[in-house]
Amino acid sequence: MVTLGQVGLGYWGPNLLRNFNGLAQARVKVCCDLDEAALRRVGSLYPNMATTTDYDALLADTEVEAVIVTSPTPTHYPLAKAALLSGRHVFVEKPIALAVAEAEELVALAEERGRVLMVGHLLMYHPAVTRLKQMVESGELGEVYYLYTSRLNLGQVRRNENAMWSLAPHDISVALYLLGEKPEAVAAQGLTYLQPGIPDTVFLTVRFASGHAAHIHVSWLDPHKVRRITVVGSQKMAVFDDVDSTEKLRIYDKGVQRPTYDSYGDALSLRFGDISIPRIDMREPLRLECQHFIDCIVNGQRPLSDGRNGVQVLRVLEAGQRSLEQGGAPVVLEGS
Ligand SMILES: NC(=O)c1ccc[n+]([C@@H]2O[C@H](COP(=O)([O-])OP(=O)(O)OC[C@H]3O[C@@H](n4cnc5c(N)ncnc54)[C@H](O)[C@@H]3O)[C@@H](O)[C@H]2O)c1
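Please read all numbers here as calculations on a predicted model, not as lab measurements. (Residues numbered from 1 in each chain as written. Predicted model: local features only at pLDDT ≥ 70, side-chain atom pairs only at ≥ 80, totals over all residues. Heavy atoms only, no water.)

A. Expanded view of the packing of aromatic side chains. Overall, the coordinates contain five aromatic pairs when judged by the stated rule. On the basis of an interplanar angle of 75° and a centroid distance of 6.1 Å, the ring pair of Phe20 and Phe293 is categorised as edge-to-face. With Phe20 in helix α1 (residues 13-21) and Phe293 in helix α8 (residues 285-299), this pair connects stretches of sequence that are 273 residues apart. Measuring from ring centre to ring centre gives 6.3 Å for Tyr146 and Tyr148, while their planes differ by 20°; the resulting arrangement is stacked. The exposure class assigned to Tyr146 is partly exposed, which follows from its relative accessible area of 38%. Feature note: the residues Phe20, Phe91 and Phe293 constitute an aromatic cluster, connected by ring pairs. (Phe/Tyr/Trp six-rings, centres within 6.5 Å; stacked < 30°, edge-to-face > 60°. Helix = DSSP H or I, 4+ residues; strand = E, 2+ residues; numbered from the N terminus. Buried < 20%, exposed > 50% of the residue type's maximum accessible area, 1.4 Å probe, protein only.)

Spelled out as structure tokens, the structure:
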């Protein structure tokens, strides 16, 4: 049994609380929030769980082995750092921090102390993404040329971060996971209507040295609820539609055949094959994510979305922010 403490029980935190408490090998012993009303809400659901407004009191509980950080992004770095310094494993929501230097410090602390540091890149635990990754690795899609994603809805409009920081970490993490390459340059264009200086809609393009690319469209100002990822390979193409309740993944046996002989003009031929819908063992991604964190603690493993993965995603976000501020000019990533 792994004993947990959790900090931040606003909108998202209770979902993790429910999932961690639903695991046979975990229990959340103490919850912390600055807001007493938030504590009363979760306290009424779990009467045996302690609640506190004092984070130091949570860390002073020697039974707590790991801390779940589900507070707003600007607090991730100080709260995760304090937990790591006190010898705890840490699960921190996305994005890992606001600055790459801060995130790198968290990674170094976790590695020095042999603690698990995991970031809540939830989509990497989605069974459809797991299936897509298997298809990429087995070569079924052929060479993956590019992918594009849409994460659109009306709301939830945030005040302390723009739509890119709020929504794109999921798509960036999946793009890096599926393409398996280090990004070379990032360009982002934003549209700002609701609050000064906070783009509501962002078009982000990530380019890789190989010529592969990912295009990410996020918005909280859109009439449609869309959560879709399209992967275009040389052999097949795949569409993951997370809004579709039953047919999440469609594989299109479509492509463009190049001739083997050296000719010109109309020699490219289009191939239209079958469309298939693989059966996916659908389990709640959040439950799988929480289980993975506990497994990593128990077995001493490195999480799929570990701190280093958090840094990679943050590098893209940081570069995207600089590009947004430069009107969409591409920003080359250092060290790529
Ligand atoms: N993985 C996902 O799909 C997903 C979805 C939504 C939010 N999130 C992430 O979850 C985190 C929280 O988002 P939210 O929408 O729940 O925010 P929220 O504002 O609704 O809730 C945050 C809570 O943290 C508390 N808090 C703030 N500072 C604190 C501190 N120093 N100590 C203790 N408590 C503190 C607030 O009182 C509030 O109750 C963010 O990092 C966000 O990016 C992830």
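Next comes the rest of the write-up.
B. Quick peek at the site of the ligand. Near the ligand, the surroundings consist of 21 residues, among which Trp12, Asp33, His76, Lys94 and Arg158 are the closest. Taking Ser71, its main chain carries an N or O atom lying 3.3 Å from an oxygen atom of the ligand. Interatomic distance of 3.2 Å between a side-chain N/O atom of His170 and an oxygen atom of the ligand. For the ligand, whose accessible area on its own is 850 Å², the fraction buried by protein is 82%. Looking at the shell around the ligand, its residues break down into seven nonpolar, nine polar and five charged. (Near = heavy atom within 4 Å. Polar contact = N/O pair within 3.5 Å; in protein donor to acceptor, adjacent residues only side chain to side chain. Areas by Shrake-Rupley, 256 points an atom, 1.4 Å probe, with all protein chains shown as cover. Nonpolar A, V, L, I, M, F, W, Y, C, P; charged D, E, K, R; others polar.)

C. Region of interest: the domain arrangement of the protein. Here the protein is partitioned into domain 1 (2-115) and domain 2 (123-285 + 315-332). Spacing between the C-alpha centres of domain 1 and domain 2 amounts to 30 Å. Contacts between the two partners involve twelve residues from domain 1 and, on the opposite side, twelve residues from domain 2. Interface area, domain 1 with domain 2, both sides summed: about 850 Å², of which 53% is carbon and sulfur. The largest share of the area that domain 1 buries against domain 2 comes from Lys94, Pro95 and Val100, three residues that together contribute 51% of it. Joining domain 1 to domain 2, the criterion identifies one salt bridge. (Domains from an automatic or database assignment. Contact = heavy atoms within 4.5 Å. Buried area = accessible area lost by both parts, 1.4 Å probe. Salt bridge = Lys/Arg side-chain N within 4 Å of Asp/Glu carboxyl O.)

D. Structural view of the environment of Val186. Relative to the assigned elements, Val186 resides in strand β8 (residues 183-191). Take Val186: its relative accessible area is 1%, and that puts it in the buried class. Along the chain, Val186 and Arg322 lie 136 residues apart, while their C-alpha atoms are 9.2 Å from each other. Those residues in contact with Val186 that sit more than four places away from it in its chain are Leu204, Thr205, Val206, Val316, Ala319, Gly320, Ser323, Ala329, Pro330, Val331 and Leu333.

E. Structural context of the packing of helix α5 (residues 100-113) against helix α9 (residues 307-325). The interhelical angle for the contact between α5 and α9, taken along N-to-C directions, is 175°, at an axis separation of 9 Å. Judged on the interaxial angle alone, α9 and α5 are roughly antiparallel. Between α5 and α9, the contacting residues are Val100, Ala103, Glu104, Val107 and Glu111 on the first element and Gly307, Arg308, Val311, Leu314, Arg315 and Glu318 on the second. Residues that form the contact of α5 with α9 fall into these classes: five nonpolar, one polar and five charged. (Axes fitted to C-alpha atoms, helices over the stretch in contact; angles between N-to-C directions. Parallel < 35°, antiparallel > 145°, perpendicular 65-115°, else oblique.)

F. Local environment of unusual backbone geometry. Here Lys94 and Pro95 are connected by a cis peptide whose omega angle stands at -15°. By the element assignment, Pro95 lies in the loop between β5 (89-92) and α5. Here the amide bond leading from Gly155 into Gln156 is cis, since omega sits at -5°, within 30 degrees of zero.

G. Spotlight on the environment of Lys182. By the element assignment, Lys182 lies in the loop between α7 (163-179) and β8. Sequence spacing of Lys182 and Val206 is 24 residues, and the spatial spacing of their C-alpha atoms is 9.9 Å. Ignoring sequence-local partners within four residues, the contact set of Lys182 consists of Phe208 and Gly335.

H. Focus on helix α2 (residues 36-45). All of the buried residues along α2 are Ala38, Leu39 and Val42. Burial along α2 is one-sided: seen end-on, the buried residues are contained in an arc of 95°. Turned more than 90 degrees from where α2 packs its buried face, Arg40 and Ser44 sit exposed. Where α2 is buried, its residues touch α1, β2 (26-32) and β3 (50-52). Two or three places before Ala37, at the opening of α2, Asp35 has a side-chain oxygen 3.0 Å from that residue's backbone nitrogen. (Arc of directions from axis to C-beta.)

I. Representation of the pairing of strand β4 (residues 66-69). Every second residue of β4 is oriented toward a common face, with Ala66 and Ile68 on one face and Val67 and Val69 on the other, all of them buried. Where strand β1 (residues 2-7) and β4 come together, four bridges link them in parallel fashion. If you follow Leu4 over to β4, its bridge partner there is Ala66. Pairing between β4 and β5: four bridges, direction parallel. Looking at the pairing, Ala66 lines up with His89 of β5. Crossover β4 to β5 through helix α4 (residues 76-85) is right-handed. (Pairing = 2+ DSSP bridges. Right-handed = clockwise from strand over helix to strand, strands pointing away.)

J. Representation of the pattern of salt bridges. Applying the stated criterion across every chain yields a total of 16 salt bridges. Salt-bridge contacts for Glu161 lead to Arg158; the nearest nitrogen and oxygen are separated by 3.8 Å. Note that Arg271 is salt-bridged to Asp253, the shortest N-O span being 2.6 Å. Highlighted residues: Arg271 in strand β14 (residues 269-276) and Asp253 in strand β13 (residues 249-257), separated in sequence by 18 residues. Given the relative accessible area of 22%, Arg271 is considered partly exposed. Judged by relative accessible area, Asp253 falls into the partly exposed class, the value being 27%.

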